Amino acid sequence: MDKFKEKRVIGLLKKSPGEGISMAIDIYGPAVKTICTNILSNLEKEDIEEAISDTFFKLWKNIDNFQLNKNKSLKSYIYAIARNVCFDKLRSLNLNSSLFDIDENNLGISVNMEDEYAKIHNEKIIKETLDKFEEPDRSIFILRFFYFEKVKNIALKLNLDEKRVENILYRSKSKLKEKLIKGGIIYEEYSPNVK
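What you see is a predicted model; the values in this text were computed from it and never measured.

**A look at the packing of aromatic side chains**
1) Next: Counted by the stated rule, this structure contains five aromatic pairs.
2) Next: Taking 6.5 Å as the distance between ring centres and 85 degrees as the angle between the ring planes, the aromatic pair formed by Y28 and Y79 counts as edge-to-face. Within this pair, whereas Y28 is found in helix α2 (residues 17-39), its partner Y79 is found in helix α4 (residues 74-92), the two being separated by 51 residues in sequence. For the pair formed by Y28 and Y79, the shared burial category is buried.
3) Next: Ring geometry for F66 against Y77: centres 4.9 Å apart, planes inclined by 45 degrees, an arrangement best described as tilted. Residue F66 is located in the loop between α3 (45-61) and α4, and its partner Y77 is located in helix α4; the two are separated by 11 residues in the primary sequence.
4) Next: In this structure F66 comes out as buried when scored by relative accessible area, which is 8%.
5) Next: Taking the relative accessible area as the measure of exposure, Y77 reaches 14% and is therefore buried.
6) Next: Through pairs of rings, three or more aromatic residues link up here, namely F133, F141 and F145.

**Observations regarding the nonpolar core**
1) Next: Core analysis: the biggest nonpolar cluster contains 52 residues, and V32, L59 and L74 have the highest contact counts within it.
2) Next: It is α4 that contributes the most residues to this core, 10 residues altogether.
3) Next: Once you skip the residues sitting within four places of it in the chain, V32 turns out to touch I52, T55, F56, I78, Y79 and A82.

Scoring rules and cut-offs
- Residues numbered from 1 in each chain as written.
- Predicted model: local features only at pLDDT ≥ 70, side-chain atom pairs only at ≥ 80, totals over all residues.
- Heavy atoms only, no water.
- Phe/Tyr/Trp six-rings, centres within 6.5 Å; stacked < 30°, edge-to-face > 60°.
- Helix = DSSP H or I, 4+ residues; strand = E, 2+ residues; numbered from the N terminus.
- Buried < 20%, exposed > 50% of the residue type's maximum accessible area, 1.4 Å probe, protein only.
- Core = buried A, V, L, I, M, F, W, Y, C linked by side-chain atoms within 4.5 Å.
- Contact = heavy atoms within 4.5 Å.

Rendered as structure tokens:
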């Protein structure tokens, strides 16, 4: 989406919240629904719908904290809100969750994401690493770890063999793990079962 449309959504959220939320739902709703459905797949449909609603409520409530000129798109800001809303819901139900699921559960390392500096620093490393991934590796990684798509669905979407998708994910996770260990802020290393 171009910056003009993003500015329009932001302007509406500030001046006419009802219209702004409606426009945000029209544009970003399907992706937010996918994120919430994938993260909360073991919960009831009502919990997923509540997470979607909470995402757009938090977007409106926190829109003044978003700065368009900081090289961050409104889309990624909304998707981050959706992920955090879902992880908060899992935590509130005492289910397993992490603030930044890529690192803790899937890379085999634990990253300090509590500290604001650590969060910014690690996100920068992740973004730089992803920007260097070639296709289809980049799309596969994003679909799996940002949209929480299952390997089977990724293979179908990209017309690839499931084994190839798994191999690409393994290599991509290894590269990102190496970069985070070299330059990120790590406080613990462990070896979870990763599927």
